[in-house]
Amino acid sequence: MHVELPLVLVIAVLGYFGIRLYRPPTWVIVVLLLGGFLLADTFLAPAIESGTKTGTSVVNHTTDK
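So, how was this worked out
Residues numbered from 1 in each chain as written. Predicted model: local features only at pLDDT ≥ 70, side-chain atom pairs only at ≥ 80, totals over all residues. Heavy atoms only, no water. Phe/Tyr/Trp six-rings, centres within 6.5 Å; stacked < 30°, edge-to-face > 60°. Buried < 20%, exposed > 50% of the residue type's maximum accessible area, 1.4 Å probe, protein only. Helix = DSSP H or I, 4+ residues; strand = E, 2+ residues; numbered from the N terminus. Expected span 1.5 Å × (residues − 1).

Draft legend 1. Seen up close, the packing of aromatic side chains. Under the definition given, this model contains 1 aromatic pair. Where Tyr16 meets Phe17, the ring centres are 5.2 Å apart and the plane angle is 75 degrees; that geometry is what we call edge-to-face. Overall, Phe17 belongs to the partly exposed group, its relative accessible area being 46%.

So, in structure tokens, the structure goes:
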């Protein structure tokens, strides 16, 4: 059985249940969202992207050649 879900849907569901279960302060949510958005436009973006791709390939047991 193979199920395909959009990544945005998975993140939204995890975020919803994470907020409902752990009840973090609103400012923590805002700082994390804003921080991630701002990091995407810095010199750290290539390192984050390559780390994400490497982590994904390790989890999925695939190699990108």
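So that's the structure; there's more coming.
Draft legend 2. Geometry of the environment of Lys53. Following the sequence through the fold, Lys53 ends up in helix 3 (residues 45-60). Linking Lys53 and Thr63, residues 10 residues apart in sequence, is a C-alpha distance of 9.9 Å.

Draft legend 3. Helix 1 (residues 7-22), seen in detail. In a regular helix each residue adds 1.5 Å, so 16 residues correspond to 22 Å; helix 1 covers 22 Å between its end C-alpha atoms and thus fits that length. Following helix 1 by one or two positions, Arg23 has its phi on the positive side, about 50 degrees.

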